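Given next are the chains, with one letter for each unit.
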Amino acid sequence: MKNLIKIFSVLSLLGFYNIGAQQVVKKDTLSGTELIMSMDPKVSDALGSLEDKCSRVATNNSSRDNDDDSSYTKPTKIYVPNRELTNAEICRKNPRILGYKLQITTVKSNEEANEVKSYFRRRFPNLKVETDASLRPNYKILAGSYFTKQSAASDLSKVREYFKSAIPVQYRIFCAEAK
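This section reports on the structure supplied with the text.

Thresholds applied
- Residues numbered from 1 in each chain as written.
- Predicted model: local features only at pLDDT ≥ 70, side-chain atom pairs only at ≥ 80, totals over all residues.
- Heavy atoms only, no water.
- Pairing = 2+ DSSP bridges.
- Helix = DSSP H or I, 4+ residues; strand = E, 2+ residues; numbered from the N terminus.
- Axes fitted to C-alpha atoms, helices over the stretch in contact; angles between N-to-C directions.
- Patch = residues over 30% accessible without salt bridge, like charges linked within 9 Å, V, L, I, M, F, W, Y side chains within 5 Å.
- Areas by Shrake-Rupley, 256 points an atom, 1.4 Å probe, with all protein chains shown as cover.
- Salt bridge = Lys/Arg side-chain N within 4 Å of Asp/Glu carboxyl O.
- Buried < 20%, exposed > 50% of the residue type's maximum accessible area, 1.4 Å probe, protein only.
- Core = buried A, V, L, I, M, F, W, Y, C linked by side-chain atoms within 4.5 Å.
- Contact = heavy atoms within 4.5 Å.
- Expected span 1.5 Å × (residues − 1).
- Arc of directions from axis to C-beta.

This brings us to the sheet that holds strand β5 (residues 139-146). Read from one edge to the other, the open sheet built from 4 strands follows the order β4-β5-β3-β6, with strand pairing classed as antiparallel. Only two strands of the sheet have a single partner each, and these edge strands are β4 (129-132) and β6 (167-174). Here the strands of the sheet are splayed against their neighbours by 45 degrees on average, with no regard to which way each runs. Across 4 bridges, the pairing between β4 and β5 is antiparallel.

As structure tokens, this is what we get:
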């Protein structure tokens, strides 16, 4: 008897769930393919009213543009630039990006790292130098911030006169500091 009550309650819940839903067929706006969905009639009505408002706005805008032929509705244009974004536009969206730094050398202690940094600052006062301690007990000495390896090439050739092991490495940089 208990099993019969359980089965009846589950079937009645499923029955009530399916009574409220109806099948709706919509046309895709881009390719015209049909899309079949099951939804509540209230949701279908709300969706239909929103679509009607959108089509009225598009029709009103196109009739202002085309006074002589009101039956033709122009689709709204979406502006997509056909050029590469400038560094300033990239920086506005992402203040930290994946760029390049010059890895000057790797040392074993923090004292050695500070010595190398002070020597580097005397030789290259216009380049920012920093220590990366993520490889403890080793410390990486990094300099500059660059968007590409090519932009780092001129500074790399100057730095290699004093530090033969200097190489460009991919690193997360502040976009505003990069060259």
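Right, picking up where we left off after that structure.
A separate point is a nonpolar patch on the surface. Taken together, the side chains of Met 1, Leu 4 and Ile 5 present a nonpolar region at the surface, about 380 Å² in accessible area. By secondary structure assignment, the location of Met 1 is in the segment before α1 (2-20). Residue classification places Met 1 among the exposed positions, given a relative accessible area of 76%.

Counting 19 residues, the largest nonpolar core has Leu 102, Ile 104, Phe 120, Val 159 and Phe 163 as its most contacted members. For this core, the secondary structure elements donating two or more residues are β3 (96-107), α4 (110-123), β5 and α5 (149-159). Apart from the residues within four sequence positions on either side, Ile 104 is in contact with Phe 120, Ile 141, Ala 143, Val 159, Phe 163, Ser 165 and Ala 166.

So, about α4. For α4, spanning 14 residues, the distance from its first C-alpha to its last is 20 Å, which sits close to the expected 20 Å at 1.5 Å a residue. Burial in α4 covers these residues: Ala 113, Val 116, Lys 117 and Phe 120. Axial view of α4: buried residues confined to an arc of 100 degrees, hence all on one face. Exposed residues lying more than 90 degrees from the buried face of α4 are Glu 111, Glu 115 and Arg 122.

With that settled, the discussion passes to the pattern of salt bridges. Going through the model one piece at a time under the given rule, you end up with 2 salt bridges. Residue Lys 101 is joined to Glu 130 by a salt bridge in which the shortest nitrogen-to-oxygen separation is 3.2 Å. Here the residue Lys 101 occupies a position in strand β3, and Glu 130 occupies one in strand β4, the gap between them amounting to 29 residues. Take Glu 130: its relative accessible area is 22%, and that puts it in the partly exposed class.

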